[in-house]
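Listed here are the chains, written in short residue letters.
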Amino acid sequence: MRFSYEHARDLFIASMSLSGFLVTYAVASAPSRPAERLGLRGLKRRRAIEQGGLFAQVEPLVRWMGARVSGLLSDRQREKLDRQLVLAGDYLGLTPEEYAGLHIWGAILGAIFGYVFGRIANAAPGMFMLAGAGLGAIIPS
């Protein structure tokens, strides 16, 4: 049996689908931490939402993903992200969990845009999808 481009494409699509399912399952099944009072971060968040713009539109999705991710972060990762947020001036009032969730949303959107771009350019959409996911994941930083 010969291994052709179609076989490689089908294998790639199957592996990406399985990876997407496993990541979705891990995020959805992770236990969430109890909510905490935000104080100054809450004030900054409220101001960012009141100003409108893109953050006001995506804030519920960021908050939802933050709750899903909260059980996946170790205390050390949470402290490191919290320190980065404090040094950034508590930008938009994000919690460490929401910041990590923002990276996940960035990777998802980057993968979608990369795939679409690859299809439009009539090139290897899988490669563009991976590059888009990587780029989308680092954009929030």
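Everything discussed here concerns the structure shown above.
Keep in mind that what you see is a predicted model, and the values were worked out from it rather than measured. (Residues numbered from 1 in each chain as written. Predicted model: local features only at pLDDT ≥ 70, side-chain atom pairs only at ≥ 80, totals over all residues. Heavy atoms only, no water.)

Overview of the nonpolar core
- Ala48, Phe55, Val62, Met65, Val69, Leu73, Leu81, Leu85, Leu94, Tyr99 and Ala100 together form the largest nonpolar core, which totals 11 residues.
- For this core, the secondary-structure elements that each account for two or more residues are helix H3 (53–69), helix H4 (75–87) and helix H5 (96–120).
- If you tally residues by element for this core, the top one is H3, at 4 residues. (Core = buried A, V, L, I, M, F, W, Y, C linked by side-chain atoms within 4.5 Å. Buried < 20%, exposed > 50% of the residue type's maximum accessible area, 1.4 Å probe, protein only. Helix = DSSP H or I, 4+ residues; strand = E, 2+ residues; numbered from the N terminus.)

Examining the environment of Thr95
- In this structure, Thr95 sits in the loop between H4 and H5.
- Put simply, Thr95 and Arg63 are 32 residues apart on the chain and 9.0 Å apart in space, counted from C-alpha to C-alpha.

Brief notes about unusual backbone geometry
- Located in the positive-phi region is Asn122, a residue other than glycine, with phi close to 55°.
- Looking at where Asn122 falls in the secondary structure, it is placed in the loop between H5 and helix H6 (125–138).

A word on the pattern of salt bridges
- Counted under the stated rule, the structure contains 6 salt bridges.
- Between Arg45 and Glu98 there is a salt bridge, with the nearest N and O atoms lying 2.1 Å from each other. With a gap of 53 residues between them, Arg45 in helix H2 (residues 40–50) and Glu98 in helix H5 connect regions that are remote in the sequence.
- The class of Glu98 is buried, set by a relative accessible area of 6%.
- Note that Glu97 is salt-bridged to Arg78, the shortest N-O span being 2.5 Å. Taken together, the residues Glu97 in helix H5 and Arg78 in helix H4 connect sequence positions 19 residues apart. Each member of the pair, Glu97 as well as Arg78, carries the same accessibility label: buried.
- Residues joined in a network through salt bridges with shared partners are Arg45, Glu59, Arg63 and Glu98. (Salt bridge = Lys/Arg side-chain N within 4 Å of Asp/Glu carboxyl O.)

Notes on a nonpolar patch on the surface
- A grouping of Ile108, Leu109, Ile112, Phe113, Tyr115, Val116 and Ile120 is seen on the molecular surface, where their side chains present a nonpolar patch of about 700 Å² in accessible area.
- Residue placement: Leu109 occurs in helix H5.
- For Leu109, a relative accessible area of 45% puts it in the partly exposed group. (Patch = residues over 30% accessible without salt bridge, like charges linked within 9 Å, V, L, I, M, F, W, Y side chains within 5 Å. Areas by Shrake-Rupley, 256 points an atom, 1.4 Å probe, with all protein chains shown as cover.)

Description of H2
- Of the positions making up H2, those classed as buried are Arg41, Arg45 and Ala48. One face of H2 carries all of its buried residues, which in axial projection span an arc of 65°. Opposite the buried face of H2, at more than 90 degrees from it, the exposed residues are Leu40 and Glu50.
- Gly52 sits one or two residues past H2 and shows a positive phi near 80°. (Arc of directions from axis to C-beta.)

Focus on the packing of H2 against H3
- At a closest axis distance of 8 Å, the pairing of H2 and H3 adopts a crossing angle of 135°. It follows that H2 is oblique to H3 by the angle criterion. Only Phe55, Ala56, Glu59 and Arg63 of H3 make contact with H2, whose side of the interface consists of Arg45, Ala48 and Ile49.
- Looking at the contact of H2 with H3 residue by residue, the class counts come to 4 nonpolar, no polar and 3 charged. (Axes fitted to C-alpha atoms, helices over the stretch in contact; angles between N-to-C directions. Parallel < 35°, antiparallel > 145°, perpendicular 65-115°, else oblique. Contact = heavy atoms within 4.5 Å. Nonpolar A, V, L, I, M, F, W, Y, C, P; charged D, E, K, R; others polar.)

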